[in-house]
Amino acid sequence: MSNNDRYIIDVPFDQRYEARSLGVKYDPKTKINYYDGPLPAALKGWVSQDYSYERWVEDQLNGQIRSVTPGPVMFTPRPHQVEAMDSILTAYKDGWPGFLIADSTGLGKTLSIVAGVCAVAEDRRKTPSRRLKVLVVCPKGAMGVWRQTFKAYGKSDLLRPLIINYQRLNKLIKEPASARKAKTTRTRNRRTARDGSPKISFDVVVFDESHYLKNYGSSGMSLAASTIAKLDDGYEKGKKPFVIYSTATPGSTPLNLAIMAPTLSRAIDPKIRRHVSPREWGAFLDKEGFHVSKGKSGWNWVSVPWWGANSSDPKERSKYERAKSRVQAEQDEDTKRIGDAWSRKGSPFLSRDPTQLKGWPDQPVEPFYIELDAKGREMYEQAWTTFRDFLSLKRRGQTNPKDALTQNLRFRQKASLLKAPMIADHAADLVEEGNQVFIGCEFLETVDLILEGLRKRKIPAVEFTGRAAGERESNRLRFQKGEAKVIVANVAEAVSFHAGESLPDGSRATMAQRISIIADVRQNPNDCIQQMGRAHREGKCSPCEFPVILDTVDVKVMDSFIKKARNLNQMKAADDPDYLDRVFEDLE
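Rules used in this analysis
- Residues numbered from 1 in each chain as written.
- Predicted model: local features only at pLDDT ≥ 70, side-chain atom pairs only at ≥ 80, totals over all residues.
- Heavy atoms only, no water.
- Helix = DSSP H or I, 4+ residues; strand = E, 2+ residues; numbered from the N terminus.
- Rg over C-alpha atoms; globule rule 2.2 N^0.38 Å.
- Buried < 20%, exposed > 50% of the residue type's maximum accessible area, 1.4 Å probe, protein only.
- Areas by Shrake-Rupley, 256 points an atom, 1.4 Å probe, with all protein chains shown as cover.
- Phe/Tyr/Trp six-rings, centres within 6.5 Å; stacked < 30°, edge-to-face > 60°.
- Lys NZ or Arg CZ within 6 Å of the ring centre and 35° of its normal.
- Pairing = 2+ DSSP bridges.
- Expected span 1.5 Å × (residues − 1).
- Contact = heavy atoms within 4.5 Å.
- Axes fitted to C-alpha atoms, helices over the stretch in contact; angles between N-to-C directions.
- Disulfide = S-S within 2.5 Å.
- Salt bridge = Lys/Arg side-chain N within 4 Å of Asp/Glu carboxyl O.

J.: Would you mind showing me how to read the overall build of the chain here?
T.: A count of helical and extended segments in the chain gives 18 helices and 19 strands. For a compact globule of 588 residues, the expected C-alpha radius of gyration is about 25 Å, and the chain comes in at 25 Å, within 12% of that figure. With the principal axes as the frame, the chain shows a C-alpha extent of 80 × 60 × 55 Å. For the chain, with 588 residues in total, the buried portion stands at 52%. When the accessible surface of the chain is summed, it comes to about 27700 Å², and 48% of that surface belongs to carbon and sulfur atoms.

J.: So what exactly am I meant to see when it comes to the packing of aromatic side chains here?
T.: For any pair of aromatic rings, geometry is given as the distance between the ring centres together with the angle between the planes. Using the criterion set out here, one finds 13 aromatic pairs in the structure. Each ring, one from phenylalanine 546 and one from phenylalanine 584, has its centre 6.0 Å from the other, and the planes form 80 degrees; the classification is edge-to-face. A residue pair is termed long-range when its members are at least 10 positions apart, and phenylalanine 546 in strand β19 (residues 544-549) and phenylalanine 584 in the segment after α18 (579-583) qualify at 38 residues. Assessed through its relative accessible area of 0%, phenylalanine 546 is described here as buried. Among the aromatic residues, ring-to-ring pairing joins Phe438, Phe464, Phe479 and Phe497 into one connected group. The ring centre of tyrosine 34 lies 3.9 Å from the NZ or CZ of arginine 6, which sits over that ring. Positioned above the aromatic ring of tyrosine 92, the side-chain terminus of lysine 237 is 5.2 Å from the ring centre.

J.: Please clarify how the sheet that holds strand β9 (residues 204-208) should be interpreted in this entry.
T.: What links the strands of a sheet is backbone hydrogen bonding, and the strands pair in either a parallel or an antiparallel sense. In space, the six strands of this open sheet follow the order β6-β5-β9-β10-β4-β13, with parallel pairing throughout. The open sheet terminates on both sides in strands that have one partner only, identified here as β6 (159-165) and β13 (349-350). Here strand β5 (residues 132-138) pairs with β9 via four bridges, running parallel. Bridge pairing in β9 links valine 137 to phenylalanine 207.

J.: Explanation requested: helix α3 (residues 79-93) in the structure shown.
T.: For α3, which comprises 15 residues, the first-to-last C-alpha distance of 21 Å matches the rise-based estimate of 21 Å (1.5 Å per residue) to within 8%. Looking at α3, one finds that the buried residues are His80, Gln81, Ala84, Met85, Ile88, Leu89, Ala91 and Tyr92. The inward-facing, buried residues of α3 contact β4 (98-101), α4 (109-123), β10 (242-246) and β13. Glycine 95 occupies a position one or two residues after α3 and carries a positive phi of about 90 degrees.

J.: Looking at this structure, how should I read the sheet that holds strand β3 (residues 32-36)?
T.: One open sheet holds the three strands; their spatial order is β1-β3-β2, and the pairing between them is antiparallel. Both edges of this open sheet fall to β1 (6-8) and β2 (25-27), since each of them pairs with a single strand only. Between one strand and the next, the sheet's axes are offset by a mean angle of 40 degrees, whatever the strand orientation. In the sheet, β2 pairs with β3 via three bridges, with the strands oriented antiparallel. When the bridges of β3 are listed, aspartate 27 appears paired with isoleucine 32. Lying over the sheet, helix α2 (residues 53-62) contacts β1 and β3, oriented at roughly 165 degrees with respect to β1.

J.: Just to check I follow, could you spell out the state of the cysteines for this structure?
T.: Covalent bonding between the sulfur atoms of two cysteines is what defines a disulfide. Scanning the model with the defined rule gives zero disulfides in all. Looking at cysteine 528, it has no disulfide partner, and the nearest cysteine sulfur is the one in cysteine 544, 8.9 Å off. Classification of cysteine 528 as buried rests on a relative accessible area of 1%. Of the cysteine sulfurs around cysteine 541, a residue in no disulfide, the closest is that of cysteine 544, at 10 Å. Residue class for cysteine 541 comes out partly exposed when judged on its relative accessible area of 26%.

J.: Any chance you could explain the pairing of strand β15 (residues 436-440) here in plain terms?
T.: Along any regular strand, the residues point their side chains to alternate faces of the sheet. Most of β15 is tucked away, with five of its five residues classed as buried. The alternating pattern of β15 places Gln436, Phe438 and Gly440 on one face and Val437 and Ile439 on the opposite face, and all of these are buried. In terms of strand pairing, β15 meets strand β18 (residues 514-518) through five bridges, oriented parallel. The residue bridging glycine 440 from the neighbouring strand is isoleucine 518, located in β18. Sheet topology places β15 next to strand β17 (residues 486-489); four bridges connect them, and they run parallel.

J.: So what exactly am I meant to see when it comes to the pattern of salt bridges here?
T.: Once the charged atoms of two side chains with opposite charge are near each other, the side chains can pair. For the structure on display, the rule yields 35 salt bridges. A salt bridge links arginine 279 to aspartate 232; the nearest nitrogen and oxygen atoms lie 2.9 Å apart. Placement of the pair is arginine 279 in the loop between α9 (261-268) and α10 (281-287) and aspartate 232 in the loop between α8 (220-228) and β10, with a sequence separation of 47 residues. Arginine 279 sits in the exposed class, given a relative accessible area of 54%.

Geometric descriptors of this kind do not, in isolation, establish any biological role.
Structure, rendered in structure tokens:
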């Protein structure tokens, strides 16, 4: 770059005044900080990162694409990643508007996609001087992995990637007139996401961990994603973005897949001729005979009724059981139709488990049963009585759903705290047997109790949570290098704890056996399944345990998770969607 080039400066908010004193200027129209070169040494730590939104803007201003910093290693796709690359290219050439890669966690979907997009670029005769414009939308924690993978794949010079996290999608949308009239920031952002137009026309859009968009319409980021990928418009090969969806956990209901409507609608009904957009997804499913219904705030999938599950009235209980059986049969029918559609010959879909790859192990799953002592049982019964009393009050007319969710959350949190000391002791025993342990939690209070229990046993342990964001990577590396024997995390995705991992400094993680413990079964089954794959990756096996308090509602919480996981697996056309039912069959 010449000395007269403009640099976009990515200044942390709390250091903006220091940046101004160094000559950094702010453009309120584009909302960017910039410096007109030559760049002083004091600002080099704030320059835009390779493939970032800021770098894209900088390159536009300067009229040239700045070379990226080379990666330390080069990646060669494995056979199963070559298969994925070929499948992506075939779907593009066959005129599909998108592709879903739903491989289990740890199979290297990122490299599969980069190789596939490069194959599309070759098919379109792209060159380093005329590149394929590619947008990757991912969780913030996954941005580094994508950046490293682009740098480490030789054909990436055919691409012009932009990597951004889901929360910043509105940066890529032109603000419409309706947004400028909004009275609140929230309304303005939502109208921008819904009514705006893309600032950049991308050739390919990748939604990594696309289950982030499962609540289409109710979340601003789902509306922004649809706008940027032009999902409301009819698809034209080569003229509209080809969309790649990547997730091991697409969703547990057909309605979760609205963001894939243009592609999945054609897989469900190969004879369909009209374009189905995400906003039309519920109506499309209804017309196709799925068990959905229109409610006041959107479409709903048939679900098991709440009331009657714990009734002491035999008639109410019998009525509930009949309704439950009917609903489960209808859910099975719908999820199987989704799985059949994806797996139909020629559909733009790929989903593999580790056992389908030569030499890759399946993940053993076991229950870890906990029996409460007298004091623990008393505390549990008190928490459960409070929750039941609340539900009884709500049945008498006070039916605020937000209150119900709050009470449900509090009850699950208290049950989690009761399990924490026993989980800590069990993890300490596993470490003393020579293992390293990953513990997945939902609640920070549970994280604290487990860490406290491990400290009492003199077991070196670290946390990987949002409150310790500045220390997360150093804590992860301490665990991977064996300095810490246990890592306790509430993060569900975009991080690796597997044995033998290649680390940023060129060394490798320890080869000690990893054991995974999922301390909290969450309301969203995707989070549990994602956490199961944090240490079970890249061909390295990590047996997984689920702590369950016997003779409590914890058993029903586990049963609900199992049923949701079964729905998810059926929609992925898994070979064995019922495996968790067999693992926990003695809970019935």
